[in-house]
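# Topology and contacts: notes
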Amino acid sequence: MNDRLAVLPQYLLPKQALTEWAGRFASVPRGALTTRVIERFIRRYGVNMAEAAHSEPSHYKTFNDFFTRELRPGARPLAQADLICPVDGAISQFGAVVGSQIFQAKGHHYSAEALLGGDAQEAARYVDGHFATIYLSPKDYHRIHMPCDGELRRMTYVPGALFSVNPTTARGVPGLFARNERVVCLFDGPKGPFALVLVGATIVGSMATAWHGVVNPPRMGALKTRDYAPGQVSLKQGAEMGRFLLGSTVVLVFPKSGLAFNAGWAPAAPVRMGEAMGQFRG
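What comes next is a walk through the structure. These figures come from a predicted structure and were not determined experimentally. (Residues numbered from 1 in each chain as written. Predicted model: local features only at pLDDT ≥ 70, side-chain atom pairs only at ≥ 80, totals over all residues. Heavy atoms only, no water.)

### A word on the packing of aromatic side chains
- Throughout the structure, instances matching the rule amount to 14 aromatic pairs.
- Taken together, a centroid distance of 5.7 Å and an interplanar angle of 80° make the contact between F41 and F66 edge-to-face. Taken together, the residues span a long stretch of sequence, with F41 in helix α4 (residues 32–45) and F66 in helix α5 (residues 63–67) at a distance of 25 residues. The same class applies to F41 as to F66, namely buried.
- Taking 5.3 Å as the distance between ring centres and 15° as the angle between the ring planes, the aromatic pair formed by F187 and F194 counts as stacked.
- What links up through ring pairs into an aromatic cluster is the set F41, Y45, Y60, F63, F66 and F67.
- Here the guanidinium or amino end of R69 rests over the ring plane of F66, the centre of that ring lying 4.8 Å away. (Phe/Tyr/Trp six-rings, centres within 6.5 Å; stacked < 30°, edge-to-face > 60°. Helix = DSSP H or I, 4+ residues; strand = E, 2+ residues; numbered from the N terminus. Buried < 20%, exposed > 50% of the residue type's maximum accessible area, 1.4 Å probe, protein only. Lys NZ or Arg CZ within 6 Å of the ring centre and 35° of its normal.)

### As for the environment of P270
- Structurally, P270 can be placed in strand β17 (residues 270–271).
- Setting aside its immediate chain neighbours within four residues, P270 contacts G89 and A90. (Contact = heavy atoms within 4.5 Å.)

### Quick notes on the sheet that holds strand β16 (residues 259–261)
- Spatially, β1-β18-β16 is the arrangement adopted by the 3 strands of the open sheet, whose pairing is antiparallel. Each edge of the open sheet is held by one strand with a lone partner, namely β1 (83–84) and β16.
- Where β1 lies against strand β18 (residues 276–280), 2 bridges are found, and the strand directions are antiparallel. Within the sheet, the bridge partner assigned to L83 lies in β18 and is G278. (Pairing = 2+ DSSP bridges.)

### Remarks on the sheet that holds strand β10 (residues 206–209)
- What the 4 strands build is an open sheet, ordered β6-β14-β10-β11; its pairing is antiparallel. Here the strands that pair on one side only, and so sit at the sheet edges, are β6 (143–145) and β11 (213–216). Going from strand to strand, the sheet's axes swing by 25° on average, the running direction of each strand aside.
- The pairing of β6 with strand β14 (residues 240–245) spans 3 bridges and is classified as antiparallel. In the strand pairing of β14, I144 is matched with G242. (Axes fitted to C-alpha atoms, helices over the stretch in contact; angles between N-to-C directions.)

### Overview of unusual backbone geometry
- Here the phi dihedral of D128 falls at roughly 60°; this positive angle occurs in a residue that is not glycine.
- Here D128 is to be found in the loop between α7 (120–123) and β5 (130–135).
- Even without glycine at this site, A268 takes up a positive phi of about 80°.
- Residue position: A268 is located in the loop between β16 and β17.

### Points about the pairing of strand β2 (residues 89–96)
- Where β2 and β17 come together, 2 bridges link them in antiparallel fashion. The residue of β17 that forms the bridge with A90 is P270.
- With 6 bridges joining them, β2 and β5 adopt antiparallel strand pairing. Note that in β5 the partner of Q93 across the bridge is T133.

### Re the environment of G150
- Within the secondary structure, G150 sits in strand β7 (residues 150–158).
- For the pair G150 and Q237, spaced 87 residues apart in sequence, the C-alpha to C-alpha distance is 7.5 Å.

### Observations regarding the environment of V197
- With respect to the helices, strands and loops of the structure, V197 is situated in strand β9 (residues 192–199).
- The exposure class of V197 is buried, given its relative accessible area of 0%.
- Beyond its immediate chain neighbours, meaning those up to four positions away, V197 contacts L115, L116, R182, V183, V184, T249, V250 and V251.

### Let's talk about the pattern of salt bridges
- According to the stated counting rule, one finds 12 salt bridges in the structure shown.
- Salt-bridge contacts for R153 lead to E122; the nearest nitrogen and oxygen are separated by 3.0 Å. Placement of the pair is R153 in strand β7 and E122 in helix α7, with a sequence separation of 31 residues.
- Owing to a relative accessible area of 5%, E122 belongs among the buried residues under this scheme.
- As a salt-bridge pair, D188 and R153 come within 3.0 Å of each other at their nearest N and O atoms. Of the two residues, D188 sits in strand β8 (residues 182–189) while R153 sits in strand β7, which places them 35 residues apart along the sequence.
- You can call D188 partly exposed: its relative accessible area is 30%.
- Because the salt bridges share partners, they merge into one network encompassing E51, R76, D88 and R272. (Salt bridge = Lys/Arg side-chain N within 4 Å of Asp/Glu carboxyl O.)

Spelled out as structure tokens, the structure:
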């Protein structure tokens, strides 16, 4: 089936109502029902609970507790690299920003300015830079970690649509990652500024950051920016910076530089948090 036809039902679904309902269900303790739902989810998606700090489904009081489960110590060793992968998932796309355009899928690009919520001054930093887009599937570990040391400058909540972010939707919905609801986090790192963008989706009950807590809900319907003073929020490489309560996508954007991505990376390839993402040359 043509990808655009495949995603047509998403234009018709009450995505926000479904997402709000899922968020309420996932956040409330429901005893034995919660445990049964978690057990069924583990079987359906093949979740590897041997990696979890708590492997028994009954340990989790809510579905959100399970979905944002902590990993056991040592499950994700950090590579010796300038940039490490911030999440478990699958590579959607990565490579060069061409002018101001970021590649989404065959036939689709979107601008860095649109991704960053219309911030032209910030987007200008990333002209001819580099990007990586990583999709988190339901089975994946859903905490997000720092690719390198970073000092937070700004966080912006950008309201938007709630399309799914799976590969079919990425091929079928123009400008998907600059169209969906998202949280844009701007950092200064050892090699300059970078953006780490958390992209929302259908059924993503909320997104949270380590310094702020839950960013949404409420879904405010308007762009909201918070600026941070130097030294207010500083995070080391590998530190947790956020989490998705139900899965989604992260987009990282870096300025023009000598960044060389991991030679083993390829679109659709699985990745794990902590593996080498890239090195800066020169």
